[in-house]
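# Overview (structure and organization)
Take a look at the letters that make up each chain.
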Amino acid sequence: MDSMLHERWQKQFGVQNENEEEEQSAFHLFESCLDWEVACWAIEKGIGHGALDRLLAIPGVQEKLGLSYHNTRALHKSLDTIPPRAEWHSKKLAFEDCPNDEYNIYYRNSIDAIQLLLGNPVHTKDIVYYPKKIFRDHTKSNHLPVGAALAPVIIAMDKTQLTQFSSSKSAYPIYLTLGNIPRAICRKPSQQACFLLGYLLVDKILKDNLSSCEMSSRAQRLFHDSLHIILEPLKLVGAEGVEITGRDGCIYLTFPVLACYIADYHEQCLVTCSNIIEEVKLSTNTSFAFKTKCMEAGVKGEVFLLFWHCFPHYDIHHSITPDISLSPCYGLHHFKNKWSFLAHILLGCMIGKVPRDVIISYRSLLNFIYLTQYSSYDDETLAYMEKALKDFHHHRNILFNLGVREHLDISKIHSLLHYVDSITWFGTMDNYNIEMIECFHIDFCKEGLYASNHCNAMPQMISWLSRREKTSSFKAYLQMTLENEEEEITYSRFKDQNILIAKYPARKNQDIQEIMEKHACPGFQCNLTYFINSFNNNIAREGLRNASLPFSSLDVYHGFRFSLNDLGNEIASRLNPRAQEAQPDLIPL
C-alpha cells in the first residue's frame, strides 16, 4: 500500500502506537481479528439488538471468542470512535409568519462527498481522468488550467414510501455521484459509488388558515431552500476549483461542475420555470407584485430564488435529462408485465385490421424506443433515432382523424424530442435514468427505518447508516493494510467476468450415459474424452479418443450468461485510447 495513503488512513482511524504488532495495530479498535469480524457481521447483516444481546449473554460466548464488548450498546460505542465518512448536519427552516413551525433537513457537505468518491481506493483503476477540450467559441476562453481535472456532478433525487400499510412514512433522499465513475459501478449499491448527500423535507405543511395553493407554494419554497443549503458549497469550487486528495495521497486541483439533474417529471417542472420567473423579476419591485405576475403566467410565485441560481457553467435546461421508464434498457430492472415487451408482437397482429399510417406511426415509435436501449451511439445510430421520431410525427395525424386521441400534448411524448440532445451531451440513457436510484432506497432509507423504533426515525436512520459506512471504510483500510500490494484491494472486477454461471448446479452427480440420453448428445463422452486427454502429453494423438475418463458422473447446469463488456461495463480509457491523462501538479501531504 502507498505509504502516504497508509499514513492518511492511519490518522483517520486514530492509529498512533507504531511499536505494537502489525495485527494488533491494525485492529486497534478491537481486541483481535475475530473480535472485528464478529462486529462486522453484526452490523452488515443487520442483526437485531435483542438477538445479539441474547447471543452475548450466553455464558462463555464472550470469553471464548475474546470479544471486547458484552452487548450491542458496547459494540456501537466502539464503532462510534471511528471517524465518519462525512459529518452529518441538521438545520431548521421556518416561515416568517410561522416561526414556531420548524422543518428539519439533514445533509452532508457535498465537497466531502466528492473527496470520498474520487479518493476511494476501491475504484482507483476505474475512475476516468481523460479530459476532452470543448470550447464555447473560437476564443477558447472556457478551458481548465493546466493539470486540472473536471468532475461532472450528477444529482439525483426521488421521494420514496417507507411503509406500505400503516403510518404513511416517507423519505426524500438526495444522491450524488460523478461522471468520472463508469455507470457499471455507479448503479451497484455494493460499490458505494453513489453517495447519500442528505434527506429533504417530508413533513407536511400545517394547514392553519392556508389554502391548498398556498400550501403547495410553501412546499416548493422549502424544496428550493433546502437544496440551496445542501448544494451551496459547489458554487464557489465550481468556479475556482478545489484541492482533492486522491488515492495515492497526493492533491489534485479539481473543478466540480453540476452536470445532470435526475428526477421525475414533477420535480423537473418544479425547477425549470426559470424563464418566467426571471422575466417577472425584471418587471416588478415588490414581492406582492412578483407573486401576482407569476400567478398570471401560470407559475406560483412563492419561490423567488431558485436553488441552482449562480451555479458556474450550468444551464438547468440542458441538465434536465429525459426518463427512459417508458422503455426497457440494458442492465436495468424491469417488471415482467410491461406492455413494451409484447408491443412488437401485437403490432404484427394489427396488420390488415387498421389503416397503414397507424402501423407506420406505431412501428416508428417502437423503433425509437428500442434505439434508446443502445449501450453506445455514433452519428449513424443517432440518425436512426431522428428518422424514427420524424416518421412517427409525420404519420401520427391518423390518430386524430380516427378519433383515437384528440391531442398528443403528453409530457412523455414531448420528452422524445430531447433524447438525441441528451445522448449527445451526457452519453447513453442508462447514465441518468431515474430507475438507477430506485435500488438505493433500500440501503439508504428502508432498511434504516426497519432498524429503528419508528419514533423520530430520521436520527436513528442516520446513526444506523453511519455505522455501516464506518464498517465498510474500516474493512477497506484493513484490506489495504494486511494484504499484499498486488491484492490489496478487491477491485470492482467488471472487466474480468466474461461468463456468469449459477453457484450451484441444477442436477448433481449425473451419470454420463444418462446425460447423453436425456440431452440427445451421443458423441458427448467421446468428445469430452478427446478434449480432456489432449492436455496429457503422455498420450499419443491417435489414442486420445480411446483413453479413459477419470470420472463417470458430472454436475449439470441448465444455463449460463455472457457478461458483455461492451454493453454497459466498459471503461472510458478503452473507448478513447488516444487520450492522454492530465498531469496535475502534485502537492505532498
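All of the points below concern the structure found in this document.

So, how was this worked out
- Residues numbered from 1 in each chain as written.
- Predicted model: local features only at pLDDT ≥ 70, side-chain atom pairs only at ≥ 80, totals over all residues.
- Heavy atoms only, no water.
- Helix = DSSP H or I, 4+ residues; strand = E, 2+ residues; numbered from the N terminus.
- Contact = heavy atoms within 4.5 Å.
- Buried < 20%, exposed > 50% of the residue type's maximum accessible area, 1.4 Å probe, protein only.
- Pairing = 2+ DSSP bridges.
- 1 Å grid on protein atoms, 1.4 Å probe; cavity = no way out; pocket = protein on both sides within 12 Å on 5 of 7 lines; lining within 4 Å.
- Points joined across faces, edges and corners; volume = space filled by probe spheres on them.
- Nonpolar A, V, L, I, M, F, W, Y, C, P; charged D, E, K, R; others polar.

Now for the environment of Phe-524. Note on placement: Phe-524 falls in helix α24 (residues 524-533). Remark: the alpha-carbon pair of Phe-524 and Ile-512, spanning twelve residues in sequence, is separated by 8.4 Å. Apart from the residues lying within four places of it in its own chain, the contact partners of Phe-524 are Ile-512, Ile-515, Met-516 and Leu-554.

What follows covers the side chain of Thr-254. Secondary-structure assignment places Thr-254 in strand β9 (residues 251-262). With relative accessibility at 4%, the residue Thr-254 sits in the buried group. Once residues lying within four places of it in the same chain are set aside, the contact partners of Thr-254 are Leu-118, Ala-149, Ala-151, Gly-241, Val-242 and Ile-244.

The next subject is the pairing of strand β7 (residues 195-199). With five of five residues buried, β7 is to be regarded as a mostly interior element. Relative to β7, strand β2 (residues 98-108) is paired through two bridges, and the arrangement is antiparallel. Paired with Tyr-106 across the two strands is Tyr-199, which belongs to β7. Inspection of the sheet shows strand β6 (residues 173-178) paired to β7 by four bridges, in the antiparallel sense. When the sheet's bridge partners are listed, Leu-176 is paired in β7 with Phe-195.

Further remarks concern empty space enclosed by the protein. Scanning all chains against the criterion turns up three cavities of 30 Å³ or more. Size it by volume and the largest cavity reaches roughly 60 Å³. Considering the residues around the largest cavity, the lining is formed by Phe-95, Cys-98, Asp-101, Tyr-103, Ile-205, Leu-206, Asp-208, Leu-210 and Arg-218. A per-element tally of the lining of the largest cavity places β2 first, with three residues. For the lining of the largest cavity, a count of residues per class yields six nonpolar, no polar and three charged.

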